[in-house]
Amino acid sequence: QVQLVESGGGLVQIGGALRLSCVFSGRTFSNYDMRWYRQAPGKEREFVAGINRSGWATWYADSMKGRFTISRDNAKATVYLQMNSLKPEDTAVYYCNADPDYWGKGTLVTVSS
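Residues numbered from 1 in each chain as written. Predicted model: local features only at pLDDT ≥ 70, side-chain atom pairs only at ≥ 80, totals over all residues. Heavy atoms only, no water.

Asker: What is the right way to look at the nonpolar core in this model?
Answerer: Across soluble globular proteins, nonpolar side chains show a tendency to be buried alongside one another. Membership of the largest hydrophobic core comes to 31 residues, with the highest contact counts inside it found for Phe24, Met34, Trp36, Val79, Leu81, Met83 and Tyr94. For this core, the secondary-structure elements that each account for two or more residues are strand E3 (18–25), strand E4 (34–39), strand E5 (46–51), strand E7 (68–73), strand E8 (78–83), strand E9 (92–98) and strand E11 (107–112). (Core = buried A, V, L, I, M, F, W, Y, C linked by side-chain atoms within 4.5 Å. Buried < 20%, exposed > 50% of the residue type's maximum accessible area, 1.4 Å probe, protein only. Helix = DSSP H or I, 4+ residues; strand = E, 2+ residues; numbered from the N terminus.)

Asker: What exactly am I supposed to notice about the state of the cysteines here?
Answerer: Here a disulfide denotes one covalent bond, and it connects the sulfur atoms of two cysteines. Tallying each qualifying case throughout the model produces 1 disulfide. Covalent S-S linkage joins Cys22 and Cys96, the inter-sulfur distance amounting to 2.2 Å. Note on the Cys22 and Cys96 pair: the S-S dihedral is about -80°, so by sign convention the disulfide is left-handed. One end of the pair, Cys22, is in strand E3; the other, Cys96, is in strand E9, with 74 residues separating them in the sequence. A relative accessible area of 0% means that Cys96 is categorised as buried. (Disulfide = S-S within 2.5 Å.)

Asker: Just checking my understanding: could you explain the environment of Asp101 for this structure?
Answerer: Tracing the backbone shows Asp101 in the loop between E9 and strand E10 (102–103). When its relative accessible area of 56% is taken as the criterion, Asp101 is described as exposed. A C-alpha to C-alpha distance of 29 Å links Asp101 and Lys87, two positions 14 residues apart in sequence.

Asker: Is there a simple way to explain the pattern of salt bridges in this structure?
Answerer: For side chains bearing opposite charge, pairing can occur when the charged atoms are close. A full pass over the atoms with the stated rule returns 6 salt bridges. For Arg53, the salt bridge identified is with Asp33, shortest N-O distance 3.9 Å. Of this pair, Arg53 sits in the loop between E5 and strand E6 (58–60) while Asp33 sits in the loop between E3 and E4, and the two are 20 residues apart along the sequence. Owing to a relative accessible area of 46%, Arg53 belongs among the partly exposed residues under this scheme. Among the charged side chains, a network of salt bridges with common partners joins Arg38, Glu46, Arg67 and Asp90. (Salt bridge = Lys/Arg side-chain N within 4 Å of Asp/Glu carboxyl O.)

Asker: Just to check I follow, could you spell out the packing of aromatic side chains for this structure?
Answerer: Within a pair of aromatic rings, the relevant descriptors are the distance that separates the centres and the angle that separates the planes. Summed over all chains, the structure comprises 5 aromatic pairs. With 5.0 Å between their ring centres and 55° between their planes, Tyr37 and Trp103 make a pair best called tilted. Taken together, the positions of Tyr37 in strand E4 and Trp103 in strand E10 put the pair 66 residues apart, joining distant regions of the chain. Residue classification places Tyr37 among the buried residues on the basis of a relative accessible area of 19%. (Phe/Tyr/Trp six-rings, centres within 6.5 Å; stacked < 30°, edge-to-face > 60°.)

Asker: Got a minute to help me understand unusual backbone geometry in this structure?
Answerer: In terms of backbone geometry, most residues other than glycine have negative phi values and most peptide bonds are trans. Cis geometry is found at the peptide bond from Asp99 to Pro100, where omega equals -5°. With respect to the element layout, Pro100 can be found in the loop between E9 and E10. Within the chain, Ala77 stands out as a residue other than glycine whose phi angle is a positive 55°. With respect to the helices, strands and loops of the structure, Ala77 is situated in the loop between E7 and E8.

This is the structure in structure tokens:
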């Protein structure tokens, strides 16, 4: 059974940075494309970033390009999301997804002045 556990969320000031981590267990991590999603209060869950199985291909939602970087370490079965230049509108619960069916419980990011 696949388990995903996110960490690294918290309270950060406008313009600050955070790095989220998601640890994968239960199956072979390198068999899965991985994605990050987020859900802001009162809004639908939205795609943030994705990375392919080997890590050489990444893709982003337009509003995150240039600020967020997804990466993975297959030896550690972990996917990361480096978030820079954070804005209040980045406030959300961030979820890790192992494509297509597996989800973590999320980690809350709050960007405040």
